[in-house]
Amino acid sequence: MSTDLRCAVLDDYQGVALGLADWSRVRATSFREHLTSTDELVAAIHDSEIVVAMRERTPFPAEVFDRLPHLRLLVTTGMSNAAIDLEAARAHGVTVCGTGGGWTSTVELTWALILGLARHLVPEATALRTDGPWQHTLGADLHGRTLGLLGLGRIGSQVAAVGRAFGMDVLAWSQNLTRERAEEAGARLAPGLDALLAGSDVASVHLVLGDRTRGLVGARELALMKPTAYLVNTSRAAIVDQAALASALREGRIAGAGLDVFDEEPLPAGHEFRTLPNVLATPHLGYVSELNYATFFRDAVDDIGAFLDGSPIRVLRGASQLRP
């Protein structure tokens, strides 16, 4: 049964949300362009009773809830969202629900970045397409080299498995990682972050952003890396000091970086990470895959239906996660 409730689907960059699920119970509108300011967001969705937010693309602090008097249900893709003030949502009588989603797509993108960097795929492919030089770079071999993983959870463990398949020696470190857990995942426990960075030919970040990991890799830590080493980050930009990273890349103190996450997204036009020749950057594609999106939007529709039927599902009840 359809209703007259208005549903805004935010940040649908590819314009696929409404075709991946049955939205017939609501009047759904998809916004393909990112609403960059609070005023722009409020003006666009002011009359909506339901909003579906894509991951952490659009913040929902207390100020936004204050200005959305009609909002009753906020659905976020995934089961956590650090950009939503859950306490403010509860105070305004807004139910916040999540969806399922996968993580293997981030593993795959991590390796796309590693391989693209190591074999200089972008400059070589660009040269071929533009009648440029034939074979003008020398690729870096991964077999026999060291892969250092900052974090060995679900994603890091699978990145480790692929690294072993390529014949790499896998080092891993995080604050709570034990030797036994590292060995179970086929990795060696590094004695510390410094040792991991100094010993890695490829260092890949797979940590959760929090108080202990924000700014974890700064100028001092980057200086420990080999000048031939690559840094890859498909986790959260703030784990690595962005200014220090740009400086290290600009000055050639590391060989390159593969980046899928940024302090500001979308990345502003003209940003240095768009143009540095030793950066392979993608626009936060780690979770952007057919299977993930189908799960996101079908679960979002299920959340809406359960809410309308008076029995909300996948309700997020944790303390406020809003990032400063």
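All residue numbers refer to positions counted from 1 along the written sequence of the respective chain. Confidence filtering applies because this is a predicted model: local features only for residues at pLDDT of at least 70, side-chain atom pairs given and counted only at 80 or more, and all residues used for totals across whole chains, interfaces and linings. By convention in this description, side-chain values take in all heavy atoms of the structure and omit both hydrogens and water.

The chain appears in an unreviewed UniProt entry as Hydroxyacid dehydrogenase from Micromonospora acroterricola.

Asker: I'd like a description of the UniProt feature "domain: D-isomer specific 2-hydroxyacid dehydrogenase catalytic" (unreviewed entry) in the chain, backed by residues and values.
Answerer: UniProt positions are given in the numbering used here, feature names are shortened, and annotations may be inferred rather than shown by experiment. According to UniProt, the positions carrying the feature "domain: D-isomer specific 2-hydroxyacid dehydrogenase catalytic" (unreviewed entry) are residues 36-310. Secondary structure across residues 36-310 comprises 38% helix and 14% strand; the distance between its end C-alpha atoms is 33 Å. Secondary structure follows DSSP: runs of H or I at least 4 residues long count as helices, runs of E at least 2 residues long count as strands, and numbering of each begins at the N terminus.

Asker: Go over the packing of helix α4 (residues 104-118) against helix α6 (residues 154-165), please, and point to the residues and values.
Answerer: Look at α4 against α6: their axes get within 9 Å of each other, and the N-to-C directions meet at 45°. Taken together, the axes of α4 and α6 lie oblique to each other. When you trace α4 past α6, the crossing you get is right-handed. Contacts from Thr106, Val107, Thr110 and Trp111 of α4 reach α6 at Ile155, Gln158, Val159, Val162 and Gly163. Every angle, taken between N-to-C directions, lies between 0 and 180 degrees, and every axis is a line fitted to C-alpha atoms, over only the stretch in contact when it is a helix. Each angle receives one of four descriptions, namely roughly parallel if under 35 degrees, roughly antiparallel if over 145, roughly perpendicular if within 65 to 115, and oblique otherwise. Helix crossings fall into two classes, left-handed where the near helix is turned counterclockwise from the far one by less than a right angle and right-handed where it is turned clockwise. Contacts were defined at the residue level, with two residues in contact if any of their heavy atoms lie within 4.5 Å.

Asker: So, the packing of aromatic side chains: which residues are in play, and what are the values?
Answerer: Two aromatic rings, drawn from Phe, Tyr or Trp (for Trp, its six-membered ring), form a pair once their centres lie within 6.5 Å of each other, and the interplanar angle then sorts them: stacked below 30 degrees, edge-to-face above 60, tilted otherwise. For the structure shown, the criterion picks out seven aromatic pairs. With 6.4 Å between their ring centres and 55° between their planes, tryptophan 23 and phenylalanine 297 make a pair best called tilted. Of the two residues, tryptophan 23 sits in the loop between β1 (6-9) and β2 (27-30) while phenylalanine 297 sits in helix α12 (residues 290-308), which places them 274 residues apart along the sequence. Here the two residues tryptophan 23 and phenylalanine 297 agree in accessibility, since each one is buried. Connected via pairs of aromatic rings, a cluster forms that spans Trp23, Tyr287, Tyr293, Phe296 and Phe297. Counting as a charge over the ring demands two things of the Lys NZ or Arg CZ atom: a distance within 6 Å of the ring centre and an angle within 35 degrees of the ring normal. The ring centre of tyrosine 287 lies 4.5 Å from the NZ or CZ of arginine 55, which sits over that ring. Each residue gets one of three labels from its accessible area relative to the maximum for its type: buried under 20%, exposed over 50%, partly exposed in between, using a 1.4 Å probe on protein chains only.

Asker: Give me the nonpolar core: which residues, what numbers.
Answerer: Throughout, nonpolar core names a set of buried Ala, Val, Leu, Ile, Met, Phe, Trp, Tyr and Cys residues whose side chains join them through atoms within 4.5 Å. By size, the foremost hydrophobic cluster in this structure holds 33 residues, and its most contacted members are Leu150, Leu222, Met225, Leu231, Leu245, Leu249 and Phe273. Only β7 (169-173), α8 (193-199), β9 (202-205), α10 (242-250) and β11 (256-259) provide two or more residues apiece to this core. Looking at this core, the element that brings in the most residues is α10, giving five residues. In contact with leucine 231, not counting residues within four places along its chain, are Ala203, Val205, Leu222, Met225, Val240, Leu245, Ile254, Gly256, Ala257 and Gly258.

Asker: I'd like a description of the state of the cysteines, backed by residues and values.
Answerer: Whenever a pair of cysteine sulfur atoms sits within 2.5 Å, that pair is classed as a disulfide. Per the stated rule, a full pass over the model turns up zero disulfides. Looking at cysteine 97, it has no disulfide partner, and the nearest cysteine sulfur is the one in cysteine 7, 12 Å off.

Asker: I'd like to hear about the pairing of strand β3 (residues 50-53), residue by residue, with values.
Answerer: Because side chains alternate across β3, one face comprises the buried residues Ile50 and Val52, and the other comprises Val51 and Ala53, equally buried. Bridge count for β1 against β3 is three bridges, and the pairing is parallel. By the bridge assignment for β3, valine 9 is matched with valine 52. Here β3 runs beside strand β4 (residues 73-76); their pairing, made up of four bridges, is parallel. Residue pairing in the sheet places valine 51 in a bridge with leucine 74 of β4. Being paired, for any two strands, means DSSP has found at least two bridges between them.

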